[in-house]
Amino acid sequence: MRAKIFTVIFAAVLIVCGAASLYIMKHKTPASIVLIKSDGKVVRRIDLKAVTRPYEFEVKAEYGYNRIYIDGDGIRITDADCPDKICIRHGVLKSNFSPIVCLPHKLTVIFENADGNIDAVTD
Amino acid sequence: MKTKKLVFMAILLSLSLAIYVLEAQIPPILPIPGFKLGLANVITLFALCTLKKSEAFVILVMRIILGSVFSGGMSAFLYSISGGILCFMTEAPIIVKFPRRQLWIISVLGAAAHNAGQVATAFLITKTPYIIWYIIPLTAVSVITGIFVGMIAAILLSHSNGILKKLTKDIDA
C-alpha cells in the first residue's frame, strides 16, 4: 500500500519536474548584458550587443581556468581544466533559468537583470 | 570495538571509496551541474541496514573526505559533504520503518535531499541565486537514479545475507 503511494508520488514528481525542465531548457532571457562571476564576485560585465567580432579570454580561479568565447550567437565556455566539462557541454547561455555553471571552479555566467538589481539580491 | 567489526567497516569504506572515485571518472550523461548517479549511496544504505547509524555515518563522512583527496578537491568536498549529510539525515531516521524490498523509496528521498543540499551549497558558494533552478531537472533525474541505486542496495543485501549471518554474532558483540 505504502509502496503504491510512493510510486504515485514519485511518478508525479518525475512528470512535473521533467516537463518543467523541458520548459526551462527552452526558455530564453531577453537580455544582452552578461555577468561572469568567479567565487561569488562579478569579474566581468559584457554587453553582447556591443560585440562586433568574436573574441575569447580566460578566467582563472584558485582551482583552474575557464576559456570563455563570445560571438554573435552569444557567450559560451570553450575550454576548462575541470574534471566534468559540464560548463563546455552547456553551450551558449540562453536563460537565467539555466545559467552556465562550473561547480569545481565556482564560476557562473548569467544575464544581468534589466533593472540591474542582481547585486541587491546577492550582496 | 571488535576487530571483525572494524574490518567490516573498513571494507565498506574502501568499497564505497572505490565506487565514488570510479564514478567521478565517468563523463556525466546529462550536462546538468551536480548530476551524478550516486552509486556510493548503495554502500551508505547497506551500512545503515547492517550497522549502527553512527557507524554508517562515519563510513559516509570518511568516504567523502578520502574521495575528495583522491579525485575532487576542496570545492567537490563542500558539495559532497553538504549533500551527503542531508541525504544521511533523511535516510537514517526512516530506514527502519520500511522493509528492505522498499529500499528504493528511501534511496529516492535520500537522492532528492542530496540534491537540495548540493544546490544550496552551490548557491552559497557562487552567490548566484539562479542556480536554484537546477533543482528541478536534478529532482526529476534523482527519482530515476534513486530507484536504481535503491534496487542495487536491496539486491546487495539479499545476496550477502549468508555472510552477514556469520558475521552478526561477532559484529553485534
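Scroll up to find the structure this text is about.
Residues numbered from 1 in each chain as written. Chains lettered and ligands numbered in written order. Predicted model: local features only at pLDDT ≥ 70, side-chain atom pairs only at ≥ 80, totals over all residues. Heavy atoms only, no water.

Q: For this particular structure, what's the right way to read the state of the cysteines?
A: Each disulfide is one covalent bond, formed between the sulfur atoms of two cysteines. In this structure the tally under the stated criterion is zero disulfides over all chains. No disulfide involves C17(A); its sulfur sits 18 Å from the nearest other cysteine sulfur, which is in C87(B). Judged by relative accessible area, C17(A) falls into the buried class, the value being 14%. C87(B) carries a free sulfur, and the closest cysteine sulfur to it, the one in C49(B), is 13 Å from it. What makes C87(B) buried here is its relative accessible area of 6%. (Disulfide = S-S within 2.5 Å. Buried < 20%, exposed > 50% of the residue type's maximum accessible area, 1.4 Å probe, protein only.)

Q: Looking at this structure, I do not really get the packing of helix α1 (residues 3-25) of chain B against helix α2 (residues 41-50) of chain B. What am I missing?
A: The geometry of a pair of packed helices is captured by two quantities: the angle between their axes and the separation between those axes. Residues and elements named next belong to chain B. As a packed pair, α1 and α2 sit with axes 10 Å apart at the nearest point and diverge in direction by 160°. For the element pair α1 / α2, the angle class is roughly antiparallel. Relative to α2, α1 is oriented so that their crossing is right-handed. Every residue of α2 that contacts α1 at F8, L12, L15, S16 and I19 is listed here: I43, F46, A47 and T50. Among the residues forming the contact of α1 with α2, the class breakdown is seven nonpolar, two polar and no charged. (Axes fitted to C-alpha atoms, helices over the stretch in contact; angles between N-to-C directions. Helix = DSSP H or I, 4+ residues; strand = E, 2+ residues; numbered from the N terminus. Parallel < 35°, antiparallel > 145°, perpendicular 65-115°, else oblique. Left-handed = near helix turned anticlockwise from the far one by under 90°. Contact = heavy atoms within 4.5 Å. Nonpolar A, V, L, I, M, F, W, Y, C, P; charged D, E, K, R; others polar.)

Q: Explanation requested: the layout of surface pockets in the structure shown.
A: Any empty space left between the atoms is revealed when a probe the size of a water molecule rolls over them. Of the volumes computed, that of the largest pocket is approximately 960 Å³. Lining the largest pocket are 44 residues, with E23(B), G34(B), F35(B), K36(B) and Q118(B) sitting closest to its centre. Put simply, the parts of the chain that give the lining of the largest pocket at least two residues each are α1, α2, α3 (53-72), α4 (74-94), α5 (103-126) and α6 (135-159) of chain B. Partitioning the lining of the largest pocket into residue classes produces 24 nonpolar, 16 polar and four charged. In this structure, the second largest pocket spans a volume of roughly 280 Å³. Counting only elements with at least two residues in the lining of the second largest pocket, the list comes to α1 (2-26) and α2 (86-90) of chain A together with α6 of chain B. It is α1(A) that provides the largest number of residues to the lining of the second largest pocket, a total of four residues. (1 Å grid on protein atoms, 1.4 Å probe; cavity = no way out; pocket = protein on both sides within 12 Å on 5 of 7 lines; lining within 4 Å. Points joined across faces, edges and corners; volume = space filled by probe spheres on them.)

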